[in-house]
Amino acid sequence: MKLTIELDREVDGRWIAEIAALNVLLYGESKQDAIERAEAAALELIADRIAHGELSPESANPEFAVAA
């Protein structure tokens, strides 16, 4: 599973990381913080979906890519 992380910056300086494929949207104090939070949330969501039979176990190790 390949997931793309889109980044944006708010006027107050916070970063937003979005993984649209999973409907994940998180803020971070820095770009790296936002990316790490989004990846962690995505992994938890994927694990939950695997546990409920919504995704196959092969989805457990997604590849993350930050959009340019």
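So, a few notes on the structure that sits alongside this text. Remember, it's a predicted structure, so these values are computed and weren't measured experimentally.

## Points about the overall build of the protein chain
Right, on to step 1. A count of helices and strands for the protein chain gives one helix and four strands.
Right, on to step 2. Along the protein chain, helices and strands appear, N-terminal first, in the series β-β-β-α-β.
Right, on to step 3. For the C-alpha atoms alone, the extent of the protein chain along its principal axes is close to 40 × 20 × 15 Å.
Right, on to step 4. Within the protein chain, the proportion of its 68 residues that are buried is 26%.
Right, on to step 5. A separation threshold of at least 6 residues defines the contact pool for the protein chain, and within that pool the share at least 24 residues apart is 28%.
Right, on to step 6. A total accessible area of about 4,500 Å² is found for the protein chain, and carbon and sulfur atoms account for 47% of it.
Right, on to step 7. Put simply, the protein chain has 6 plus and 14 minus side-chain charges, and the middle of one group is 5 Å from the middle of the other.

## Things to note about the pattern of salt bridges
Right, on to step 1. Under the counting rule described, the total for this entry stands at two salt bridges.
Right, on to step 2. Ionic pairing is found between Arg-14 and Asp-12, a salt bridge with its closest N-O pair at 2.9 Å.
Right, on to step 3. Between Asp-33 and Arg-37 there is a salt bridge, and its shortest N-O distance comes to 3.1 Å. Of this pair, Asp-33 and Arg-37 both sit in helix α1 (residues 31–51), separated by four residues, roughly a single helical turn.
Right, on to step 4. By relative accessible area, Arg-37 is classed as partly exposed at 43%.

Criteria and cut-off values
- Each residue is numbered by its place in its chain's sequence as written, counting from 1.
- For this predicted model, a pLDDT threshold of at least 70 governs which residues receive local features, and a threshold of 80 or more governs which side-chain atom pairs are given and counted, while totals over whole chains, interfaces and linings are taken from all residues.
- Excluding hydrogens and water, the side-chain values take into account all heavy atoms of the structure.
- Working definition: helices are DSSP H or I runs of at least four residues, strands are E runs of at least two. Numbering for both runs from the N terminus.
- Any residue under 20% of the maximum accessible area for its type is buried, any over 50% is exposed, and the rest in between are partly exposed; the area is computed with a 1.4 Å probe on protein chains only.
- Throughout, a contact is declared for two residues whenever any of their heavy atoms are within 4.5 Å.
- We get accessible surface area from the Shrake-Rupley algorithm with a probe of 1.4 Å; when it comes to residues, only the shown protein chains can shield them.
- Asp and Glu are treated as the negative residues and Lys and Arg as the positive ones, with His and the ends of the chain left uncounted.
- Note on charges: their place is set at NZ of Lys, CZ of Arg, CG of Asp or CD of Glu.
- For this document, the term salt bridge refers to a Lys or Arg side-chain nitrogen within 4 Å of an Asp or Glu carboxyl oxygen.

Treat this as a map of the structure, not an account of what it does.
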